[in-house]
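Structure at a glance
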Amino acid sequence: MLRSLVGSEMCIRDSLQHLSKRVKGNPGIPIPTAAIVEQFVATEPSAALLSQNLMLVYIKMGFDRDPPSAMESLPLLLTNISRRPSPFQATILRMLLSLLDQHPPLLLPPVDAPDQAIILRWVHELTLYSAPLNASSTAAPPPGLSADSVERLFGVKREWGIVGEELVQRKLGGLRLLKANPGLFSSPATLYPIFLAGSVDPNHAVVDYAEDYLRRTTFEDGLERKLAAELLTMYLGAPPSAPGKRDGYGPVCMPLKVRILRALQQFPTSPSQLPLVLKVIFEGMNGAHSCLLYTSDAADEEDSGDLGGRGII
């Protein structure tokens with residue numbers, strides 16, 4: 001039936017209403033999750049969006065009703081995830097979140113570089129996450145995360161939110177997932193910031209696992225500057241990409257800042273990163289809420305430093 005829905009919005013709406021009455025109200029009806037996943041993966045990411053949404057609804061329903069039968073097929077949803085709309089990406093990642101405590105860790109299908117970047121960002125956000133005292137949808141994001149990041153992890157109303165030992169196991173699962181798929185995730189420049197975040201987690205099991213990776217990590221020539229740029233951005237945070245966007249995030253927590261400063265002592269920085277380095281130094285000297293002001297006139301002042309025509313007050 002799902003194959004026949006592609007391209008017919010009226011048919012999709014009618015079928016969705018029919019299936020909702022027949023299937024959602026009867027938990028005894030088996031759902032062919034693997035077959036639906038196969039059809040979803042075969043669907044062009046930019047086409048038949050209503051049909052894709054319907055497929056995800058019933059994939060989720062099938063997973064809830066029979067988790068063992070869905071575990072092998074669900075990782076396939078990561079194929080072309082970077083080309084799918086953001087709401088579909090979030091739905092897929094939240095379903096996979098519940099699989100992260102599986103032993104052995106999940107083996108992922110071959111995915112291209114943009115898909116890998118989505119997965120890496122997701123695990124990084126999960127590793128940075130700390131459950132706030134007020135877990136409502138209006139609570140401020142944890143340090144280092146944006147409002148979009150929290151919504152990606154746990155939904156608009158944080159209805160997927162997890163705490164305590166469950167959160168610990170999901171974090172460990174995310175780190176194991178990266179190590180279990182070295183063919184996809186092998187660059188220390190991309191993995192190091194994630195495991196560095198894990199090294200300051202409140203739970204000792206996450207810390208021990210992350211520290212073990214950090215002790216074994218070596219870097220090839222040329223990767224240090226790329227890594228330094230990533231760590232500087234984590235330390236300082238980043239503004240929204242555009243007015244009204246919710247993807248801006250603040251600095252990471254203080255223990256992670258300390259680890260980042262230690263790491264930056266080992267890595268060379270490029271001249272283009274000098275403004276960020278100066279911000280880090282200025283914050284360390286004057287506090288997190290101090291202001292570093294650049295002016296073109298300050299270079300002539302007695303209390304300023306000359307930076308090629310621009311000064312630092």
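Below is a summary of the structure that appears in this document. Computed from a predicted structure; not experimentally measured.

Focus: unusual backbone geometry
Keep in mind that most residues, glycine aside, have a negative phi and that most peptide bonds are trans. The phi angle at Ala48 is positive, at roughly 50°, despite the residue not being glycine. Along the chain, Ala48 falls in the loop between α3 (33-42) and α4 (49-65). Non-glycine residue Asn80 carries a positive phi angle of around 65°. The topology assignment puts Asn80 in the loop between α5 (67-71) and α6 (86-97).

Observations regarding the packing of aromatic side chains
Taken as a whole, this structure holds two aromatic pairs when the rule is applied. Stacked on the ring of Tyr235, the Lys or Arg Lys257 has its end atom at 4.9 Å from the ring centre.

Quick notes on the pattern of salt bridges
Applying the stated criterion to the full structure yields 12 salt bridges. When the shortest N-O distance is used, the salt bridge between Lys60 and Asp64 registers 2.4 Å. Taken together, the residues span about one helical turn, with Lys60 and Asp64 both in helix α4 at a distance of four residues. Classification of Asp64 as partly exposed rests on a relative accessible area of 46%. Where Arg216 meets Asp212, a salt bridge forms, and the shortest distance between an N and an O atom there is 3.1 Å.

Regarding the packing of α3 against α4
Two elements in contact, α3 and α4, have axes whose closest approach is 9 Å; the angle formed by their N-to-C orientations is 150°. On the basis of their axis angle, the class for α3 and α4 is roughly antiparallel. Crossing of α3 over α4 shows left-handed handedness. Along the contact surface, α3 presents Thr33, Ile36, Val37, Gln39 and Phe40, while α4 presents Gln52, Met55, Leu56, Tyr58, Ile59, Gly62 and Phe63. In terms of residue class, the contact of α3 with α4 is made up of eight nonpolar, four polar and no charged.

The rules we used
- Residues numbered from 1 in each chain as written.
- Predicted model: local features only at pLDDT ≥ 70, side-chain atom pairs only at ≥ 80, totals over all residues.
- Heavy atoms only, no water.
- Helix = DSSP H or I, 4+ residues; strand = E, 2+ residues; numbered from the N terminus.
- Phe/Tyr/Trp six-rings, centres within 6.5 Å; stacked < 30°, edge-to-face > 60°.
- Lys NZ or Arg CZ within 6 Å of the ring centre and 35° of its normal.
- Salt bridge = Lys/Arg side-chain N within 4 Å of Asp/Glu carboxyl O.
- Buried < 20%, exposed > 50% of the residue type's maximum accessible area, 1.4 Å probe, protein only.
- Axes fitted to C-alpha atoms, helices over the stretch in contact; angles between N-to-C directions.
- Parallel < 35°, antiparallel > 145°, perpendicular 65-115°, else oblique.
- Left-handed = near helix turned anticlockwise from the far one by under 90°.
- Contact = heavy atoms within 4.5 Å.
- Nonpolar A, V, L, I, M, F, W, Y, C, P; charged D, E, K, R; others polar.

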